[in-house]
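Below are the chains, spelled out letter by letter.
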Amino acid sequence: MLDMKKMIFILMLSMTLSACQLQDSPEQKVTNEENQQESSKEEEENMEITMSIGEQDFRIYLENNESAQALLEKLPMTFTMKELNGNEKYYNMDQQLPTNQQDIGKIETGDVMLFGDNCLVIFYESFSTSYRYTRLGKVEDGERFADIARQGKNIEVSLSK
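What you see is a predicted model, and the numbers here were worked out from it, not measured in a lab.

**Student:** Mind showing me how you'd approach helix α4 (residues 142-149) here?
**Tutor:** Note: α-helices contain 3.6 residues per turn, so residues at a spacing of three or four share the same orientation. Taken residue by residue, α4 has G142, F145, A146, I148 and A149 as its buried positions. With its buried residues spanning 160° around the axis, α4 presents them on a single face.

**Student:** Got a minute to help me understand the pattern of salt bridges in this structure?
**Tutor:** For side chains of opposite charge, pairing can occur when their charged atoms come near one another. For the structure on display, the rule yields eight salt bridges. D111 is paired through a salt bridge with K138; the nearest N and O atoms lie 3.0 Å apart. Here D111 is found in strand β7 (residues 111-115), whereas its partner K138 is found in strand β10 (residues 132-139), with 27 residues between them in sequence. Since its relative accessible area comes to 31%, K138 is described here as partly exposed. A salt bridge links D141 to R144; its shortest N-O distance comes to 3.1 Å. Ionic contacts of the salt-bridge type, sharing partners, join the residues E48, R59 and E140 into one network.

**Student:** How should the pairing of β7 be read in this particular structure?
**Tutor:** Both faces of the sheet carry side chains from a regular strand, because those side chains alternate between them. With respect to burial, β7 is a largely interior element, four of its five residues being buried. Inspection of the sheet shows β7 paired to β10 by four bridges, in the antiparallel sense. Bridged to V112 within β10 is G137. With four bridges joining them, β7 and strand β8 (residues 119-123) adopt antiparallel strand pairing. In the strand pairing of β8, F115 is matched with C119.

**Student:** Help me understand the side chain of T134, please; the structure alone is not making it clear to me.
**Tutor:** Tracing the sequence through the fold places T134 in strand β10. For T134, a relative accessible area of 1% translates into the label buried. Only 3.0 Å separates the side chain of T134 from the backbone nitrogen of N100, close enough to count as a polar contact. Apart from the residues lying within four places of it in its own chain, the contact partners of T134 are S67, T99, N100, Q101, V112, M113 and L114.

**Student:** Help me out: how do you make sense of the nonpolar core in this one?
**Tutor:** Generally speaking, a soluble globular protein has its nonpolar side chains buried in company with each other. Ranked by internal contacts, the top residues of the largest apolar core, which has 31 residues, are M51, L120, F145 and L159. Formed by eight residues, the second largest nonpolar core is a distinct cluster that contains I104, I107, M113 and V121.

**Student:** For this particular structure, what's the right way to read the pairing of strand β3 (residues 77-84)?
**Tutor:** In this sheet, strand β11 (residues 155-160) lies alongside β3 in antiparallel orientation, the contact comprising five bridges. Note that in β11 the partner of F79 across the bridge is V157. Where β3 meets strand β4 (residues 88-92), three bridges bridge the pair, whose relative direction is antiparallel. Paired with E83 across the bridge in β4 is K89. Between β3 and β4, which pair antiparallel one after the other, the connecting turn spans three residues, and N85 there sits at a positive phi close to 65°.

**Student:** How should the packing of aromatic side chains be read in this particular structure?
**Tutor:** In this description, an aromatic ring pair is defined by two values, namely the gap between the centres and the angle between the planes. Summed over the entire model, instances satisfying the criterion amount to six aromatic pairs. Consider the rings of F115 and Y133, whose centres lie 5.6 Å apart with planes at 55°: the pair is tilted. Of the two residues, F115 is situated in strand β7 and Y133 in strand β10; the sequence distance between them amounts to 18 residues. For F115, a relative accessible area of 36% translates into the label partly exposed. Following the ring pairs from residue to residue traces out a cluster consisting of F115, F123, F127, Y131 and Y133. Over the aromatic face of F58 sits the side chain of R144, whose NZ or CZ is 4.1 Å from the ring centroid.

Scoring rules and cut-offs
Residues numbered from 1 in each chain as written. Predicted model: local features only at pLDDT ≥ 70, side-chain atom pairs only at ≥ 80, totals over all residues. Heavy atoms only, no water. Buried < 20%, exposed > 50% of the residue type's maximum accessible area, 1.4 Å probe, protein only. Helix = DSSP H or I, 4+ residues; strand = E, 2+ residues; numbered from the N terminus. Arc of directions from axis to C-beta. Salt bridge = Lys/Arg side-chain N within 4 Å of Asp/Glu carboxyl O. Pairing = 2+ DSSP bridges. Polar contact = N/O pair within 3.5 Å; in protein donor to acceptor, adjacent residues only side chain to side chain. Contact = heavy atoms within 4.5 Å. Core = buried A, V, L, I, M, F, W, Y, C linked by side-chain atoms within 4.5 Å. Phe/Tyr/Trp six-rings, centres within 6.5 Å; stacked < 30°, edge-to-face > 60°. Lys NZ or Arg CZ within 6 Å of the ring centre and 35° of its normal.

Distances and angles like these do not, on their own, reveal function.
Put into structure tokens, the structure is as follows:
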């Protein structure tokens, strides 16, 4: 009888210990939550799309904002961008995007902006400006994009996830 009681006690003890091991400690829960938050931040910070012009592909890193997210949801898109002022290509979209216009001050080569609520602009020259834009992103290799943009008036562009 004593052996049976010992066996039952050992069995119950081992089950209790096993159950304790399956549950995360408070420290593990905090660490798991932090890892999930870091993963979400990385995904937000690394929102990127591909811009194709002819046979050339460019990576565009999108801003973490409502406007860039709305653009992302419209992809894939193919359209013709027109020349303007010897420093930018633009396309007037059929639909409006949310805006958060800011005084940019200085445009950099490769900046992807929204002018107003529907005009997608990609700059291929750096310059100062007093215009207000909503930041959408940045072309990874702005100089290579600039080389293509300077070659002709209009360019056929495809954007995809």
